[in-house]
Amino acid sequence: MFLAAAEAASETPWIFENIWIVPAIPALSFLLIIAIGKRLPMKGSEIGLASIAAVFALSMFATYTWVDQIGFTGGHSEESAEGDTGDAEYSETESLGGGVQSVVLDTPGFAAAEGDESSEEKTESKPVPNACFADEDTGDSDDAEYGDDVDSADKDAESQSSDETDSGTEASAGIQTVSLTNPSGSSVYAASDGYETRGEAIITDTCWFKTGADSSTASGISVGTLVDGQSIMMLFVVSIISGLVHIYSTDYVNGDRRYTHYFAFLSLFTAAMLFMVLSSSTLQLIVGWELVGVCSFGLIGHWWEEKPNSDAALKAFLTNRVGDIGLLIGMIVLYFGAERTFDIAEINRQAVAGEINQLHLSVAALCLMTAIMSKSGQFVLHTWLPDAMAGPTPVSALIHAATMVVAGVYMIGRLYPVFWEGFMMPGTNLNAMAFIGGLTTVGGGLLAFVQRDIKKVLAYSTVSQLGYMVLALGMGAYTAGMFHLFTHAFFKACLFLGAGSVSHACHHSFDMKSDMGGLRKYMPKTFWTFMIGTGALMGIPPLAGFWSKDEILVGAQVWPGTSSEKPGAFVDDGEGFWLAATGGGDGTFTIPFIFGCITAALTAAYMTRVIMLTFFGEYRGGGAHDDHGHDDAHDTHAAADHDDAHDTHDAHGHDDAHGHGGLPHESGSRITIPLMILAFMASVVGFLNMPSGFVKALGLPEGWAHRFEDWVEPVGTGQFPAIDHAKPSLSLAVFATGLGLISILVVRGYYMKLFAKDPMATEYTDGLASKFPPLRALHNVLENKYYLDHLYSGVIAGGTTGPLARAAYWVNQNILDGIINTVGKTGVLLGRFIYRFFDQGVVDGAVNSSGQAAGLSGQFLRGVQSGQVRNYATLMFGATALIVAVFMFAV
Amino acid sequence: MTEFLNEWGITIMVFLPLLGVAAMMLIPKEAEGSHKAIALGTALVTGGFGAWLLTKFDDLSVEELAALNETGNVPLYESRQWIPTIKASFDVAIDGMSLPLIALTLLVTPLVIIYSLNHIPKPGNAKMFLILMLVLHTGMLGTFVAQDLVLFFVFFEVVLLPMYFMIGVWGGPDRLYASIKFFLYTLFGSALMLVSFLALFAQTGQETFNLVGLAEAVASGDIPLGTQVLIFGGMFMGFGIKVPMFPFHTWLPDAHTQAPTQGSVILAAVLLKLGTYGFIRIALPILPDAAVEWAPWIGGLAVIGIIYGALGCLAQTDMKRLIAFSSVAHMGYVMLGIATLTDFGINAAIFGMVAHGLITGMLFFIAGSIKDRYHTLEIKRLGGLLVQAPRLGWILGLCTMASLGLPGLAGFWGEFPAILAAYQPAEPLSEELFRVYMVIAAIGTVLAAAYLLWLLQRTAFGTPSDEFKDDPEIVDVKLTEWISWVPLLILILVLGFVPGLIFDITDSSAVEALKNIGVK
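Residues numbered from 1 in each chain as written. Chains lettered and ligands numbered in written order. Predicted model: local features only at pLDDT ≥ 70, side-chain atom pairs only at ≥ 80, totals over all residues.

1. Describing the overall build of chain A
Thought 1: A count of helices and strands for chain A gives 37 helices and 8 strands.
Thought 2: Burial statistics for chain A: of 891 residues in total, 58% are counted as buried.
Thought 3: When contacts within chain A are restricted to residue pairs at least 6 apart in sequence, those whose partners lie at least 24 apart make up 79%. (Helix = DSSP H or I, 4+ residues; strand = E, 2+ residues; numbered from the N terminus. Buried ≥ 20, exposed ≤ 12 C-beta atoms within 10 Å, placed from the backbone. Contact = placed C-beta atoms within 7 Å.)

2. Observations regarding the interface of chain B and chain A
Thought 1: Contact with chain B, which involves 54 residues of that partner, is made by 60 residues of chain A.
Thought 2: When contributions to the side of chain B that touches chain A are tallied by element, the ones reaching two or more residues are α6 (149-170), α7 (175-204), α12 (288-314), α14 (343-374), α17 (412-423), α18 (431-459) and α20 (500-513) of chain B.
Thought 3: Looking at the side of chain B that touches chain A, the element that brings in the most residues is α18(B), giving 10 residues.

3. Comments concerning the nonpolar core
The tendency in soluble globular proteins is for nonpolar side chains to be buried as a group.
Thought 1: Of all hydrophobic cores here, the largest spans 460 residues; its most connected members are A:Ala493, A:Ala682, B:Ala291 and B:Ala441.
Thought 2: Per-element accounting of this core gives the leading share, 19 residues, to α14(B).
Thought 3: Residue contacts for B:Ala441: discarding those within four places in its chain leaves B:Val303, B:Ile306, B:Tyr333, B:Leu336, B:Ala418, B:Ile419 and B:Ala422. (Core = buried A, V, L, I, M, F, W, Y, C linked by C-beta atoms within 7 Å.)

4. Description of the environment of B:Pro285
Residues and elements named next belong to chain B.
Thought 1: You can see Pro285 is positioned in helix α11 (residues 261-286).
Thought 2: What makes Pro285 buried here is the crowd of 25 C-beta atoms within 10 Å.
Thought 3: Setting aside residues no more than four positions away along its own chain, Pro285 makes contact with Ala215, Ala513 and Asn516.

5. Thoughts on the pairing of strand β5 (residues 202-211) of chain A
All names here are of chain A.
Thought 1: Of all 10 residues in β5, 10 are buried, a share of seventy percent or more.
Thought 2: Pairing geometry for β5 and strand β6 (residues 219-227), over 9 bridges, is antiparallel. In the strand pairing of β6, Phe209 is matched with Ile221. (Pairing = 2+ DSSP bridges.)

6. Comments concerning unusual backbone geometry
Thought 1: The residue after B:Val243, namely B:Pro244, is reached through a cis peptide bond having omega -10 degrees.
Thought 2: When you line up the elements, B:Pro244 lands in the loop between α9 (225-242) and α10 (251-258).
Thought 3: Backbone torsion omega between B:Phe246 and B:Pro247 reads 0 degrees, so that peptide bond is classified as cis.
Thought 4: Locating B:Pro247 in the fold gives a position in the loop between α9 and α10.
Thought 5: The phi angle at A:Glu339 is positive, at roughly 55 degrees, despite the residue not being glycine.
Thought 6: With respect to the helices and strands, the residue A:Glu339 is situated in the loop between α13 (307-337) and α14 (344-353).
Thought 7: Accessibility expressed as a C-beta count within 10 Å gives 13 for A:Glu339, which makes it partly exposed.
Thought 8: Despite not being glycine, B:Glu207 shows a phi value in the positive range, around 60 degrees.
Thought 9: Summarising the element assignment, B:Glu207 is placed in the loop between α7 and α8 (211-220).
Thought 10: The exposure class of B:Glu207 is exposed, given the 10 C-beta atoms found within 10 Å.

7. Details of the packing of helix α4 (residues 99-116) of chain B against α11(B)
Residues and elements named next belong to chain B.
Thought 1: Contact geometry of α4 with α11 gives a least axis separation of 9 Å together with a crossing angle of 165 degrees. With respect to each other, α4 and α11 are oriented roughly antiparallel. In this structure, α4 meets α11 at a crossing whose hand is left-handed. Between α4 and α11, the residues in contact are Leu101, Leu104, Thr105, Val108, Val112, Tyr115 and Ser116 and Gln262, Val265, Ile266, Ala269, Val270, Lys273 and Tyr277, respectively.
Thought 2: Looking at the contact of α4 with α11, its residues break down into 10 nonpolar, 3 polar and 1 charged. (Axes fitted to C-alpha atoms, helices over the stretch in contact; angles between N-to-C directions. Parallel < 35°, antiparallel > 145°, perpendicular 65-115°, else oblique. Left-handed = near helix turned anticlockwise from the far one by under 90°. Nonpolar A, V, L, I, M, F, W, Y, C, P; charged D, E, K, R; others polar.)

8. Examining the pairing of strand β1 (residues 77-83) of chain B
Thought 1: In the sheet, β1(B) pairs with strand β2 (residues 88-93) of chain B via 6 bridges, with the strands oriented antiparallel. Paired with B:Tyr77 across the bridge in β2(B) is B:Ala93.

9. A look at the environment of B:Thr143
Residue and element names in this part refer to chain B.
Thought 1: Mapped onto the secondary structure, Thr143 falls in helix α5 (residues 126-145).
Thought 2: In this structure the C-alpha to C-alpha distance between Thr143 and Trp482, which are 339 residues apart in sequence, comes to 30 Å.
Thought 3: Not counting chain neighbours up to four residues away, the residues in contact with Thr143 comprise Phe152, Phe155, Phe156, Val159 and Leu274.

Here's what the structure looks like:
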């Protein structure tokens with residue numbers, strides 16, 4: 001298998017080098033929809049659908065190719081022989097092949113180089129080539145196999161340094177030949193060290209621009225694509241979910257007044273997201289990061305006629321902008337920390353090799369964490385995410401659940417060495433990231449309890465689950481975090497689209513308490529797919545969420561038997577801390593672990609509440625519907641156009657449901673089929689990363705274990721920290737599942753008793769909260785969302801736009817301008833004075849003219865009132881023209 | 001022919017617009033059609049000729065051009081006698097630093113004239129209006145190509161007059177106050193600048209006003225640092241007021257608000273750049289040591305301007321005034337980039353100038369079109385633009401996004417690299433201080449997003465008020481608007497994704513301008 005990988009690396013698959021086509025297709029689609037969409041029979045949606053189909057096909061092909069390179073089935077003990085063959089081949093071509101690394105097998109299937117000198121030496125000798133400098137000496141050296149050719153590395157180093165001696169003209173000639181349309185700087189990085197490698201990134205770069213010419217501060221900024229397991233994983237997720245959302249939307253948004261715009265933005269979003277995912281440089285990452293933010297802005301505010309929607313859009317964008325301060329500064333710090341480069345692979349390499357100093361890494365990681373807090377809804381910058389539900393539901397599923405909001409998590413993974421080393425504060429060994437994640441996961445879970453709007457429950461649930469991912473990454477459980485991102489995308493998209501289907505049936509309301517109840521009888525397909533999604537979210541085996549959640553809890557290495565054998569958190573090789581291990585074994589992550597367990601219970605409980613309120617009891621939506629306020633306002637005009645549009649293509653009796661008092665009904669097939677596909681994914685994707693013990697116990701082929709890990713987590717590339725993996729534990733799995741089941745039973749019992757009393761009821765009138773003041777207080781805090789919104793919009797935003805801005809403007813008008821006007825008025829007085837006493841008194845040519853000039857300036861200001869300024873303007877023009885003429889022709 | 005154009009090309013480009021002026025002088029003012037045709041034709045010919053000239057750019061610095069010119073005429077460099085008695089010569093050149101700005105001028109002027117074809121502001125008189133526009137064109141081009149201090153000064157001042165009249169005659173209700181404020185304020189700065197130029201001439205004692213010659217003279221001479229700092233101070237006043245830098249910006253909101261649309265566009269797109277261009281063309285290369293002394297102060301004023309301008313925007317109730325105030329903030333980024341005295345910073349500054357010219361120019365165009373339709377720019381009364389004129393609304397949306405520095409659009413490349421450069425300013429400057437500036441500037445990006453999106457929300461989103469609901473005058477983008485906007489919009493997009501188009505041109509000039517920084 002590894003032989004295959006090695007061969008494949010030497011002739012990089014076409015798709016990996018040309019992966020830029022994937023984001024380019026939806027970008028083109030966006031432009032086409034904007035240009036001609038409205039004139040087409042399906043109003044532009046056909047372009048969107050065609051483009052997403054192409055993206056889907058290419059992504060699947062890329063995924064297949066990637067998986068094929070690494071192997072569909074694994075089993076490292078058998079593979080190691082082949083792996084050796086691969087190594088041998090390399091050592092023939094490569095002088096550095098000697099000095100075989102001591103490979104430590106911590107857990108089955110994991111191998112990493114320990115921090116001995118030879119590996120460090122290697123990483124030092126191999127900076128990732130820069131597309132801006134690589135081709136200056138070697139001309140059109142297309143696709144230089146970087147890792148195999150040590151000479152070319154030296155050449156590149158030389159070409160960088162020789163720039164300084166080259167004459168300016170030669171360097172400048174180089175600049176002009178480099179352009180986007182000439183990807184001659186294309187280079188492929190395929191690390192091939194003397195030890196087992198897996199999942200090397202394939203980078204195809206071209207020079208974006210250069211700065212500093214041939215000076216000592218020269219730096220070349222490249223743009224291109226980086227293909228590795230992580231980006232392939234996201235490619236897979238984005239293309240599938242975006243594709244399903246496109247199909248779903250053709251029904252759900254049908255008849256909307258901005259149907260064409262909607263599809264244009266979906267295409268733009270897909271393009272921006274894929275662009276970001278495939279970024280090879282941090283600068284490019286920033287571009288993609290903000291572009292997805294804009295699409296989110298546009299889609300949240302899709303129904304911008306109503307102020308609450310545009311408010312929500314603004315809030316989302318501005319909150320993210322606050323986080324972006326951290327993004328910009330963090331990337332800047334990294335740029336300088338890594339000796340002026342934006343290349344992700346190079347930054348990672350330097351971080352792993354310990355070439356960036358700890359302070360730079362820590363500051364950068366902290367700053368970037370702010371960006372992650374805003375984009376991925378971590379406490380305390382999560383408040384925009386629930387408000388973002390003002391957008392159409394398919395958008396919530398795609399952007400605000402499955403893809404865009406995980407951008408922050410994705411970035412942690414993308415720059416994992418930076419975060420990993422950056423947050424390892426020597427001595428304290430407290431990982432801030434795990435703590436933020438833990439706080440978010442519990443805080444979000446609690447808020448999900450008090451919502452009446454089904455989408456808001458799901459939104460807070462997303463916040464909570466994103467916290468889970470960050471928690472995992474903070475504990476060093478990289479694969480667990482990424483795996484949870486992967487599984488969460490499917491089941492949360494399934495839930496959001498399910499909620500959309502429900503509201504489609506219930507007069508476009510999302511209010512569980514007043515408009516839902518008993519829906520399982522009316523819409524069985526939606527009910528069952530929603531149940532599967534819920535089960536996956538709760539972590540019920542064998543659904544997807546179970547596997548990923550379990551892995552995260554295992555990753556804390558707190559539960560007895562889960563800790564890896566490595567002692568201590570740090571490897572101190574004498575040159576500073578590096579290759580820091582998780583060190584969970586010493587109980588560092590006890591608090592995050594407890595947070596994780598609480599969330600497991602909370603998730604099960606609030607989702608049971610949703611299920612009970614929505615699908616059980618009696619249907620409560622039969623009454624009048626004029627009073628549900630703005631909650632569903634955004635969907636009403638979609639609904640208005642909806643009815644007539646539906647008659648033509650669906651025969652499922654939409655109309656009665658839209659009429660008041662009608663019973664709900666199942667949605668059309670373009671809604672239910674995506675639901676079923678997602679439910680299917682939510683049930684099976686968990687099997688991609690089964691622990692080997694489980695695989696053995698079931699008697700399955702050993703190669704089926706932890707496939708996801710092998711595909712996504714790179715090993716031995718020199719660009720990824722060596723993480724030790726926790727050991728799975730059956731008892732922990734049983735414990736966590738038990739927690740969930742108990743919560744389900746308790747909450748279910750509560751509602752069963754309630755419904756037995758009154759099937760239309762949604763809460764006890766004499767509930768616990770009304771009896772115990774502390775509980776009531778807690779309830780109030782939750783109802784007010786921890787008062788964060790009051791702080792942000794009331795105190796901070798209000799203070800800035802109100803008193804602060806007014807004060808600044810007052811200074812402007814009264815002090816700064818006051819000075820100017822005073823000077824002007826003084827000029828007038830002076831002018832009058834001079835005019836009266838000098839000009840009129842002493843007739844002297846020189847004095848006369850200077851007095852006139854001063855007088856003029858004064859009289860002009862007075863002329864504002866008197867209205868005679870035009871006469872003076874003529875005079876003024878004449879005088880100045882004379883001066884200019886004198887200057888120009890005074891030979 | 002080539003020889004002739006090498007010798008006269010730049011001069012022809014600069015004075016071509018005056019040819020049009022001469023022709024228009026002879027035609028009575030009633031013949032508006034022929035005035036418009038001549039003005040547009042002149043601007044287009046100038047643009048075409050200039051564009052052809054710019055293709056001869058070969059990434060050579062002025063110094064190299066001058067050296068090559070010794071042996072025979074080279075393109076993009078001309079030197080001839082002008083006023084020998086005061087040692088002023090007619091030295092003009094185009095290098096990487098001026099090229100983007102010349103290109104911007106060559107592009108914007110015809111577009112503004114196209115827009116004017118059916119938008120001559122009250123009280124009419126297309127003849128005078130367009131003549132002034134062409135005179136302005138010559139002034140702007142001349143300032144960007146001048147390589148001699150006297151020549152630079154003359155062109156710098158030539159620009160002032162047409163703009164003064166444009167505001168004073170064709171402006172809004174408060175035009176007289178605004179125009180005189182603009183004129184006197186700038187003239188005040190220019191006076192100090194002229195004193196500095198003369199002092200420089202006297203101090204170097206080399207009997208030349210040539211920029212390269214002066215730079216060499218200062219580098220090899222022994223002018224006391226204190227004197228240099230004073231001379232720089234005079235230039236700072238001249239250029240700083242023009243930029244405008246906080247606290248000398250108060251003329252700008254008035255001038256912008258009162259100026260006719262075309263005036264605002266030219267003012268924002270090109271005139272503000274004369275100041276920043278002066279810094280990087282004259283002040284930094286000639287007085288590198290004084291620049292080091294001044295840089296922390298300039299940087300400080302720049303970041304104050306960023307925050308202050310943004311706060312000023314948040315307090316505005318008039319759309320045009322808001323856009324005007326945003327210029328104070330945006331030029332703050334440009335000045336911050338310059339103050340770092342690094343190549344990245346200067347590159348960012350030049351990019352920022354071009355981007356600001358395109359974007360803010362567009363915003364003023366849009367404001368003008370909204371004013372045409374609604375007859376007001378009071379934000380409170382607007383709203384629902386997207387309902388009534390969807391294309392205009394989306395263009396406004398795109399431009400606000402570009403203006404707030406969205407990556408992928410042109411504005412980002414002026415802003416982010418300037419912030420980046422502040423992390424590590426040139427050697428002699430204080431890193432700590434500039435890192436504080438960096439953080440403040442980064443915070444400014446949030447405020448920029450706040451005031452621009454708030455503007456977008458209040459004008460474009462929502463539903464139209466009863467006042468304008470059925471107003472037949474409110475129509476979508478018209479043909480002349482499309483023609484004059486599309487090039488700008490395309491550039492905003494293209495530069496956003498291919499920033500190398502500008503960076504690769506400016507880079508070596510930026511390095512060249514900084515070669516004497518920190519040498520002593």
